[in-house]
Amino acid sequence: MRGEGDAPLRMLAPSFRGGHGGGGSDGRGMAMAASGPVALRVGRRWRSSNGHAQSTGVLPTADPGLHLPHSPAGPRAGLAAAPRLPGMSCGLETGEMHMVDTISWHKMRGAQMIVAMKAISLGFDLDQSTVGALPSPAEFMGYIYFVGTVIFGPWINYSSYLQSVEGRRMSLGWFCKVALSLLKSLLCLVVSTCVAPYLFPYFVPIFGDQPLKRWLRAYENAVSFHFSNYFVGFLSETTSTLAGTGFTQEKDHLKWDLEVSRPLKVELPRSMVEVVTNWNLPMSRWLNAYVFKSALTLGKFPAILVTYTASALLHGLSFHLGAVLLSLGFITYVEHVLRAKMAAILSACVLSKSCPATCSHRNKSNLTVHLINLLFVVLAIFHLTYLGSFFDIDVEEEVQEEGYGMSFTIQRWQELSWSGHWVTFTLWVVYRLLG
């Protein structure tokens, strides 16, 4: 039950934590990172100033045959290879386990994550000669603590940082982008705190028995969590654009087109593959470029597992985030291979991603194609509800600040009869039976 203390919208207040701050208390969500001395509190939740860990944009979109080339061994290659994922991850885990208490660490974990992501990406870019010269200490620190991303994220590469510090003229397009992103952020905040937690039956008059109520409550929690992620995502677009990054240049024309999240493609997705790609676009690109492509030599499925494991390590020692991310790895892989098999058998446009107009499938838009794609849309919403069921706003504040533990996560999935995992296993069996 929600008491009077659970007002839908409370004051958005900064909390100064002795110079550490930033980041979210409960590590909810999956992959933007940030830093700075500000933690946001909305309703009964601590909202990470980095966007709730939104990991997931992880099933990569690149051609599976691609992999990152490696430059010849040499002094610079060794230097560039130093700040790679294992070392940075060990540093994060050491900080979490030994250096800082749990609650304080959860408030700064996002800051550490984006620092690690920037350092790792710079190491790879130096190794691949994408960045021409080793930055000076001042340039490196400027990139790591760039004002446009230091609080709310998102990750940007070193080349984007160099472009931003060159300075650009303010224009109508720049102003419109800032204003629109800020407006979207505030709308998502309102939905997350004032609409989603009270969706059933106040806004949507649906009633039911206890099992149905559990699923309706799980859907409310998931939607509230999703929109809290979009809130920080759009806010990060605002701050990054204000700082002069997030544009593409076409001749003499600048197009301010930074995107962090695409809510419509998450809430009404064609597939779970589309969900993880559009949940956090910068994180998705980072994982694709620096983890997935390098791991493809192991095979596609192992590369996916390595990618999700890397994302989990960057998020710290959190059982519930690790459980969600690894579950996502299996869910997206099973759906991807099953739909590829169905597309081949039926010669139909039912792949996880929309087919190009020039695809060779005979059945492009008939009733069967639409029904199959609609079935997978419903399945994706089901998985989103299941995976987001334990991001509960009514949980005790102490639990939220310390992070959801193993017992809490298992209990929530037990209440839903482990249905998401059973459905995924059933689909895998169907895929194997199809040959």
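These figures come from a predicted structure and were not determined experimentally.

Student: I'd like a rundown of a nonpolar patch on the surface, residues and numbers included.
Tutor: The grouping of Ile345, Leu346, Val430 and Leu434 at the surface amounts to a nonpolar patch, some 310 Å² of accessible area in total. Tracing the chain through its elements places Ile345 in helix α13 (residues 319–346).

Student: An account of the pattern of salt bridges is needed here, citing residue identities and associated values.
Tutor: Throughout the structure, instances matching the rule amount to six salt bridges. Note that Arg168 is salt-bridged to Glu166, the shortest N-O span being 3.0 Å. Residues Arg339 and Glu335 are paired through a salt bridge, measuring 3.1 Å at the closest nitrogen-oxygen approach. Highlighted residues: Arg339 and Glu335, both in helix α13, separated by four residues, approximately one helical turn. Each member of the pair, Arg339 as well as Glu335, is classed as buried.

Student: Please set out helix α8 (residues 210–242) residue by residue, giving values where relevant.
Tutor: If you check α8, its first and last C-alpha atoms are 48 Å apart, about what 33 residues at 1.5 Å a residue would give, namely 48 Å. Counting buried positions along α8 gives 24 out of 33 residues, so the element sits mostly inside the fold. Two residues or fewer past α8, Gly244 is found with a positive phi of approximately 100°.

Rules behind the numbers
Residues numbered from 1 in each chain as written. Predicted model: local features only at pLDDT ≥ 70, side-chain atom pairs only at ≥ 80, totals over all residues. Heavy atoms only, no water. Patch = residues over 30% accessible without salt bridge, like charges linked within 9 Å, V, L, I, M, F, W, Y side chains within 5 Å. Areas by Shrake-Rupley, 256 points an atom, 1.4 Å probe, with all protein chains shown as cover. Salt bridge = Lys/Arg side-chain N within 4 Å of Asp/Glu carboxyl O. Helix = DSSP H or I, 4+ residues; strand = E, 2+ residues; numbered from the N terminus. Buried < 20%, exposed > 50% of the residue type's maximum accessible area, 1.4 Å probe, protein only. Expected span 1.5 Å × (residues − 1).

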